[in-house]
Amino acid sequence: MSDLEPSPEESGVEPVRKERERDDRTGRSAAAARIAQQATWVDLQVRQAMERGEFDDLPGQGKPIEDLGVEHDPDWWVKKLVERENIALLPPAIALRKEDAELDDRLDEITAESEVRRELADFNKRVVETRRQLQGGPPVITAPRDVDAEVTAWRERRTARVEAQRAAVAASRPAPRKRSWWSPWRER
């Protein structure tokens, strides 16, 4: 038992006994006594948590409960999940267009050329597979990427970023102080 939880004697809850035992005073089983005392025990736990401040600064404190009184929607949890996790449910052609627009930024986060090549091969494979599937929806206009040309562009962007970082570091360093001819004697 931890230091935070009260002992059964302190909380007023009777210790757990075997199911067959009966309370001498009431004639009820121990399980019935536990059930009767459960609300008291829960109230005690909540009161102690409030005293420790565990309910302070909860999100939504002092705000009205969302969707209270609104008609029940059986898919409410799916909608909340999509909203919270920012899940996009797009047709494959649109999803590929979006991924194509964000691909350069995703490639720039990668530091190894082999990983860039693997990512491009995976993207190209999904473009070809989506073109082969005859599902309804908008047409697939996303073209596969040329891996060698993309790797060359990735190297150029990476080199430009490294040079910009070096220039920023060099600009942030203080310029060396120019020492006059008499400064060595002055420091003594």
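Scroll up to find the structure this text is about.
Residues numbered from 1 in each chain as written. Predicted model: local features only at pLDDT ≥ 70, side-chain atom pairs only at ≥ 80, totals over all residues. Heavy atoms only, no water.

(A) Spatial organisation of the pattern of salt bridges. Within this structure, the stated rule accounts for 18 salt bridges. One salt bridge connects D73 with K79, and the closest N-O pair in it is separated by 2.7 Å. In this structure, E163 and R166 form a salt bridge, with 3.3 Å as the shortest nitrogen-oxygen distance. Highlighted residues: E163 and R166, both in helix α6 (residues 147-172), separated by three residues, approximately one helical turn. E163 gets classed as partly exposed once you look at its relative accessible area, which sits at 43%. Looking at R166, the relative accessible area reads 55%, which means it is exposed. (Salt bridge = Lys/Arg side-chain N within 4 Å of Asp/Glu carboxyl O. Helix = DSSP H or I, 4+ residues; strand = E, 2+ residues; numbered from the N terminus. Buried < 20%, exposed > 50% of the residue type's maximum accessible area, 1.4 Å probe, protein only.)

(B) Seen up close, helix α5 (residues 113-132). Here α5 contains 20 residues, and its C-alpha end-to-end distance of 29 Å stays within 8% of the 28 Å for a straight helix at 1.5 Å per residue. Elements in contact with the buried residues of α5: α4 (92-108) and α6. (Expected span 1.5 Å × (residues − 1). Contact = heavy atoms within 4.5 Å.)

(C) Local environment of the nonpolar core. One finds L96, L103, L107, I110, V116, L120, F123, V127, V151 and W154 forming the largest nonpolar core, which totals ten residues. Within the residue set of this core, elements represented by two or more residues are α4, α5 and α6. At four residues, α5 tops the list of elements feeding residues into this core. In this view, V151 contacts E113, V116, R117 and L120; residues no more than four positions away in its chain are not counted. (Core = buried A, V, L, I, M, F, W, Y, C linked by side-chain atoms within 4.5 Å.)

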